[in-house]
Amino acid sequence: MIYVADSDNSAIRTIDPNGLVRTAAGGPSRKGYVDGAAADARLVSPKSVTLDKAGNLYFVDVVEIENTNTCTPWHRLVIRKISASGVVSTINDLGQIRITGPVKLAVDSLGNVFVTIIETFENNIVVLCPTPAPSASYVRKISTNGLSSLWVGSKAIGAVDGQGDQARFDSLTDISIDATDNIYVADSRNGAIRRVSPQGIVSTVVGQLPPSGSLKPVGTLTLGALPGVVPYPDTVSVGAQFNLYIGAANLISSRSRVVLTTQFR
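Residues numbered from 1 in each chain as written. Predicted model: local features only at pLDDT ≥ 70, side-chain atom pairs only at ≥ 80, totals over all residues. Heavy atoms only, no water.

A look at the overall build of the chain
Scanning the chain for helices and strands turns up 0 helices and 20 strands. A burial count over the chain gives 47% of its 265 residues as buried. Accessible area of the chain: about 12600 Å², with a carbon and sulfur share of 52%. (Helix = DSSP H or I, 4+ residues; strand = E, 2+ residues; numbered from the N terminus. Buried < 20%, exposed > 50% of the residue type's maximum accessible area, 1.4 Å probe, protein only. Areas by Shrake-Rupley, 256 points an atom, 1.4 Å probe, with all protein chains shown as cover.)

Take a look at the structure:
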């Protein structure tokens, strides 16, 4: 079964192996914010979906709360769940954030949810339109008791490996978790795939972090032995036998893409 966040239709959709599409919750005529049985629930703008091993589906519902002559309006980010029995609930409200990129989710074997966030603290002035530079990129953890905390990274950008809030990222655009609860994130503007251990230790496994203060990566894609060079990766997924599948923009043409596979276990 494939699960889709259909943002503009305010819905979570499913696609079965025969290609039949169904609406699991929400719908264009039911836009709003209401928890409850999936048939009655209302969604605003779901942006990312992930499943846990019990069949519960988690998604980010993004509520725009300001959009008056601004490039980066404030949004309210709400993490919601559709249980295996079909009940929509809110597990955490991350509050108001001025996001400048995708918000992605992953859930570990214990049921902890991890959220990647890119935000800006810049003023909304015309020179920043349409996409201001990120001021921070980090991963938040929502524990099984619903409490949210900063897991790795901080309210600053950079290119630093380390533990917890000592690590620095720049534009986290995707997240995936392997069978042993290691997290992998696509750190796009740093040209790297970063790994976060279950203890919150960040290391770089694909690509090479730029030196402090340097320009961001614009190099040529380099295959072969790790770490290689992967300019601007924006998707990452862990497959069987710990293979990583990485999507990145092809620098030769903005309309084409490359998909890479690497194994480091």
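Regarding the environment of glycine 111
The residue glycine 111 is located in the loop between β9 (104–107) and β10 (113–119) in this model. With relative accessibility at 18%, the residue glycine 111 sits in the buried group. Once the C-alpha coordinates of glycine 111 and asparagine 145 are considered, the two residues, 34 residues apart in sequence, prove to be 9.7 Å apart. Ignoring sequence-local partners within four residues, the contact set of glycine 111 consists of Tyr58 and Thr144. (Contact = heavy atoms within 4.5 Å.)

Quick look at the nonpolar core
Counting residues in hydrophobic clusters, the biggest one holds 17 residues, and the most contacted among them are Leu77, Ile79, Leu94, Val113 and Val115. Counting only elements with at least two residues in this core, the list comes to β6 (57–64), β7 (75–82), β8 (87–97), β9, β10 and β11 (136–142). Apart from the residues lying within four places of it in its own chain, the contact partners of isoleucine 79 are Phe59, Val60, Thr90, Ile91, Asn92, Leu94, Leu105, Val113, Val115 and Ile142. Formed by 14 residues, the second largest nonpolar core is a distinct cluster that contains Val152, Phe169, Leu172 and Ile175. (Core = buried A, V, L, I, M, F, W, Y, C linked by side-chain atoms within 4.5 Å.)

Details of the pattern of salt bridges
It is possible for side chains bearing opposite charge to pair when their charged atoms get close. Following the criterion strictly, the structure yields 10 salt bridges and no others. A salt bridge links arginine 194 to aspartate 161; the shortest N-O distance between them is 2.9 Å. Linking arginine 194 in strand β16 (residues 192–196) with aspartate 161 in the loop between β12 (148–154) and β13 (162–163), this pair joins segments that are 33 residues apart in sequence. Relative accessible area serves as the criterion here: at 0%, arginine 194 is assigned to the buried category. (Salt bridge = Lys/Arg side-chain N within 4 Å of Asp/Glu carboxyl O.)

Quick word on the sheet that holds strand β5 (residues 46–51)
One open sheet holds the 5 strands; their spatial order is β4-β8-β7-β6-β5, and the pairing between them is antiparallel. A single partner strand is all that each edge strand has here, and the edge strands are β4 (36–37) and β5. As defined by bridge partners, β6 adjoins β7 across 8 bridges and the pair is classed as antiparallel. Bridge pairing in β7 links valine 62 to leucine 77. (Pairing = 2+ DSSP bridges.)

Overview of the side chain of asparagine 92
With respect to the secondary-structure elements, asparagine 92 resides in strand β8. With relative accessibility at 11%, the residue asparagine 92 sits in the buried group. Among the polar contacts made by the side chain of asparagine 92, one reaches the main-chain carbonyl oxygen of glycine 146 at a distance of 2.8 Å. For asparagine 92, the contacting residues outside a window of four places in its chain are Leu77, Val78, Ile79, Ile142, Gly146, Leu147 and Ser148. (Polar contact = N/O pair within 3.5 Å; in protein donor to acceptor, adjacent residues only side chain to side chain.)

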